[in-house]
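# Residue-level structural notes
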Amino acid sequence: MSHEPDNVNATPPPGAMPDPLAEALARLEPAPARLDRDALLYAAGAESRRSTIRLWQLTAGFLAAVGFMAGMAAKQPPIVYIDRDSPPADVSPKPPAPATNK
Amino acid sequence: MGPEQVADLVDRYGAALTLYARQWCACPEDVVQTAFLKLVRLRTPPDNLVPWLYRVVRNGAIDASRAAHRRQKYESAAAHEASQWFVPSDDPTGLDARQAAGALSQLPTETREIIVAHLWGGLTFEQIAQTMDSSAATCYRRYAAGLEALRAQLGAVCPTNPTT
């Protein structure tokens, strides 16, 4: 004799008589989960704030980039020093000016 | 989804989800915790929250089991820890928790996960079918066959053929 139910192609109708074995099994309470509830909630809180933190990070990075670009744009042109070949200073005594008779 | 809602979900479904994950892996708490964190990361909660949780836990537990196999550290954790599946019952007329867990551990994994999801997770066969990428009829067929196998092992009375 087969233990297969008569109608195996459909789920039981809502008014079907519950199986006593299933009821007895369902009365067994699952062992409590050894979840670290505090750690889980802490991590959940951090995860829920992650998008906000990321937004602030992006905003700060954008503002830093804008500031850098503005600083580069406003920067004065560099001072260029050019060495010129200047003639040596004339240190020879000047000849006396000719005397004029008025 | 805020931490308060997550706390409520943990309190309501944590134990059943852990029992469900225990069918595959030896670290069910880690899998369940990861599933809850994945839920928090979602911008909008899924429509079918509980079946979604079961699906994520199932995938995570299977992945964890595969990883354990790769590391060669598995030791048939499901059967090994069967005695820890349920709280020992004080009801003398009820089933013995250890005996029931032992009988459950003897079932094929596909059958056992359906029974666990239906009896302790409260999922309908349609929801279980979505979780397993199967059909509701197949899930019910496996559920019924699993109950019959448990009935034979536990010596319980068949409701459709009452003794006279």
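To keep things clear, this report deals only with the structure shown in the data block. For clarity, every value in this text was computed on a predicted model and none was experimentally measured. (Residues numbered from 1 in each chain as written. Chains lettered and ligands numbered in written order. Predicted model: local features only at pLDDT ≥ 70, side-chain atom pairs only at ≥ 80, totals over all residues. Heavy atoms only, no water.)

## Some details on the overall build of chain A
- Along the backbone of chain A there are two helices and zero strands.
- A burial count over chain A gives 14% of its 102 residues as buried.
- Element-wise, carbon and sulfur atoms account for 62% of the exposed surface of chain A, whose accessible area totals about 9,200 Å². (Helix = DSSP H or I, 4+ residues; strand = E, 2+ residues; numbered from the N terminus. Buried < 20%, exposed > 50% of the residue type's maximum accessible area, 1.4 Å probe, protein only. Areas by Shrake-Rupley, 256 points an atom, 1.4 Å probe, with all protein chains shown as cover.)

## A word on the overall build of chain B
- Counting its regular elements, chain B contains eight helices and zero strands.
- Listing the helices and strands of chain B from first to last along the sequence gives α-α-α-α-α-α-α-α.
- Across the 164 residues that make up chain B, the buried fraction comes to 52%.
- For chain B, restricting intrachain contacts to residue pairs at least 6 apart in sequence, the fraction spanning at least 24 positions comes to 59%.
- Total accessible area on chain B is roughly 8,100 Å²; 47% of this is exposed by carbon and sulfur atoms. (Contact = heavy atoms within 4.5 Å.)

## Looking at the nonpolar core
- Counting 62 residues, the largest nonpolar core has Leu-25 of chain A together with Phe-36, Phe-86, Trp-120, Tyr-143 and Leu-150 of chain B as its most contacted members.
- Those residues within four positions of Tyr-143 of chain B in sequence are excluded, and the remaining contacts are Ala-22 of chain A together with Ile-114, Ile-115, His-118, Leu-119 and Phe-125 of chain B. (Core = buried A, V, L, I, M, F, W, Y, C linked by side-chain atoms within 4.5 Å.)

## Examining the packing of aromatic side chains
All names here are of chain B.
- This model, assessed by the stated rule, comprises six aromatic pairs over all chains.
- Seen in terms of ring centroids, Tyr-20 and Trp-24 are 5.1 Å apart; in terms of plane orientation they differ by 85°. Their pairing is edge-to-face. Comparing Tyr-20 with Trp-24, the two get one shared label, buried.
- An aromatic cluster is built from Tyr-20, Trp-24 and Tyr-54, whose rings are joined through pairwise contacts. (Phe/Tyr/Trp six-rings, centres within 6.5 Å; stacked < 30°, edge-to-face > 60°.)

## Focus on a nonpolar patch on the surface
All names here are of chain A.
- Taken together, Phe-62, Leu-63 and Val-66 make up a surface patch of nonpolar side chains, about 320 Å² in accessible area.
- Within the secondary structure, Val-66 is located in helix 2 (residues 37–73).
- According to the relative accessible area criterion, Val-66 is partly exposed, its value standing at 42%. (Patch = residues over 30% accessible without salt bridge, like charges linked within 9 Å, V, L, I, M, F, W, Y side chains within 5 Å. Salt bridge = Lys/Arg side-chain N within 4 Å of Asp/Glu carboxyl O.)

## A word on helix 8 (residues 136–154) of chain B
- The terminal C-alpha atoms of helix 8 of chain B, which comprises 19 residues, lie 26 Å apart, in line with the 27 Å expected from a rise of 1.5 Å per residue.
- Where helix 8 of chain B ends, the next residue or the one after it, Gly-155 of chain B, has phi of about 75°, a positive value. (Expected span 1.5 Å × (residues − 1).)

## Section: the pattern of salt bridges
- Evaluation of the coordinates by the stated rule reveals nine salt bridges over all chains.
- Its salt-bridge partner being Arg-151 of chain B, residue Asp-19 of chain A comes within 2.6 Å of it at the nearest N-O pair. With Asp-19 of chain A in the segment before helix 1 (20–27) and Arg-151 of chain B in helix 8, this pair bridges two chains.
- Asp-19 of chain A gets classed as buried once you look at its relative accessible area, which sits at 15%.
- Since its relative accessible area comes to 5%, Arg-151 of chain B is described here as buried.

## A look at unusual backbone geometry
Residues and elements named next belong to chain B.
- Notably, Asp-133 is not glycine yet its phi reads approximately 55°, a positive angle.
- Position of Asp-133 among the secondary structure elements: in the loop between helix 7 (125–132) and helix 8.
- Given the relative accessible area of 62%, Asp-133 is considered exposed.

## Some points on the interface of chain A and chain B
- If you look at the interface, chain A gives 34 residues, while chain B gives 45 residues.
- Carbon and sulfur atoms supply 70% of the area that chain A and chain B bury against each other, a total of about 3,500 Å² over both sides.
- Considering only the surface of chain A that becomes buried against chain B, Leu-21, Leu-25 and Leu-28 of chain A emerge as the three largest contributors, covering 18% of it.
- Counting across the chain A and chain B interface gives three salt bridges.
- Linking chain A to chain B there are seven residue pairs in polar contact (both at pLDDT 80 or more).
- Where the side of chain A that touches chain B is concerned, the elements lending two or more residues are helix 1 and helix 2 of chain A.
- Broken down by element, the residue count for the side of chain A that touches chain B peaks at eight residues, all from helix 2 of chain A.
- When its residues are assigned to classes, the side of chain A that touches chain B shows 21 nonpolar, six polar and seven charged. (Buried area = accessible area lost by both parts, 1.4 Å probe. Polar contact = N/O pair within 3.5 Å; in protein donor to acceptor, adjacent residues only side chain to side chain. Nonpolar A, V, L, I, M, F, W, Y, C, P; charged D, E, K, R; others polar.)

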